[in-house]
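The lines below spell out each chain.
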Amino acid sequence: MPWPCTCSVSSPDNRSQPNPMPFVNRLHQLETVLQSKSPIVLSNCRVFFDFDNTMTTSDVLDDVIRRFSINDQWMALEKAWDEEKIGTKECLTGQLKNVRLSKSALHKFLKRVELDPHFHQLLTLLVREGIKPVILSDNFTYIVEWILNYHGIKDLKVYGNTLRFYRDRIIPSFPYDNPFCLNCAHCKKIHLTKDKTENKLIVYVGDGRSDFCPAKVSDVVFAKGSLLNFMHKEALPCIPYKNFSDIHHYFQEVLTSGRKNN
Ligand SMILES: [Mg+2]
Ligand SMILES: [Zn+2]
């Protein structure tokens, strides 16, 4: 099941090799690989997306906290989180204590969130190939699903943190907390490693700190933002991207190569 761009595949054997590769070089290598007879099948992949700043053009949860906090205490927590003095769960729990909002005010706010303009195009391509991407978020499942529904996307599986509304407050809980991980509130790698029997390539798309854990156990990582910096720092191979147009482009080439070779 070779992936066309071998430089970008992290396997236990090559994961330690540094290999940040510009998009143009990757395309060149892809062209080279297309000369081979290796079968390349996108349908042999499981695809996972982060949500905030990956599927959306903004960090929705940060914006909610900024907009609906009754004071500036969230900033000190954010600073401590940035400096890696506290993990996401502690940060988020502390910040939400000072958030006041009604359900209707939240919905009104969420209507303004924009998805990556190329997401529908990418989703159409994946679904056509029999792939149903899964969304892994350190936001709340309620918020992610509300936004997806608002944009007419109704049947994607979302794993995230959970919330309940109590009067004008949001009470968080963290069903995917990992006691062995001090970084994440929702340690996403749990979902990637739980079904090893499928023997499929894991493709992960992300941008931030909540993506560090899952990226380390994925076969192919599309990275931007602090995830890209992390991958470079850790000498882990990844594919840089700016938006879903890049990923759509890449997947289309994979499909084309698969059909050429089958
Ligand atoms: Mg993100
Ligand atoms: Zn983690």
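Please refer to the structure higher up on the page.
In what follows, the accompanying structure is described. None of the values given here were measured: they were computed from a predicted structure. (Residues numbered from 1 in each chain as written. Chains lettered and ligands numbered in written order. Predicted model: local features only at pLDDT ≥ 70, side-chain atom pairs only at ≥ 80, totals over all residues.)

Take the overall build of the protein chain next. Looking only at helices and strands, the protein chain features 11 helices and seven strands. Looking at the protein chain residue by residue over its 262 residues, the buried ones come to 35%. In the protein chain, of all internal contacts separated by at least 6 residues, the share reaching a separation of at least 24 is 64%. (Helix = DSSP H or I, 4+ residues; strand = E, 2+ residues; numbered from the N terminus. Buried ≥ 20, exposed ≤ 12 C-beta atoms within 10 Å, placed from the backbone. Contact = placed C-beta atoms within 7 Å.)

A word on the sheet that holds strand E2 (residues 134–140). Strand order in this open sheet of seven strands is E4-E3-E2-E1-E5-E6-E7, and the pairing throughout is mixed. Looking at the sheet topology across the chains shown, the edges are occupied by strand E4 (169–173) and strand E7 (239–240). Sheet topology places strand E3 (residues 157–166) next to E4; five bridges connect them, and they run antiparallel. Along E4, the bridge assignment pairs Phe165 with Ile170. (Pairing = 2+ DSSP bridges.)

On to the environment of Val221. Locating Val221 in the fold gives a position in strand E6 (residues 220–223). Spatially, the C-alpha atoms of Val221 and Cys238 are 4.9 Å apart, while their sequence positions differ by 17 residues.

With that settled, consider the nonpolar core. In this structure, Phe48, Ala215, Val221, Ala223, Met231 and Ile247 are the most contacted members of the largest nonpolar core, which totals 54 residues. The dominant element in this core, judged by the number of residues it contributes, is helix H11 (residues 244–261), at five residues. Discounting chain neighbours no more than four positions away, the residues touching Met231 are Ala215, Val221, Ala223, Leu236 and Cys238. (Core = buried A, V, L, I, M, F, W, Y, C linked by C-beta atoms within 7 Å.)

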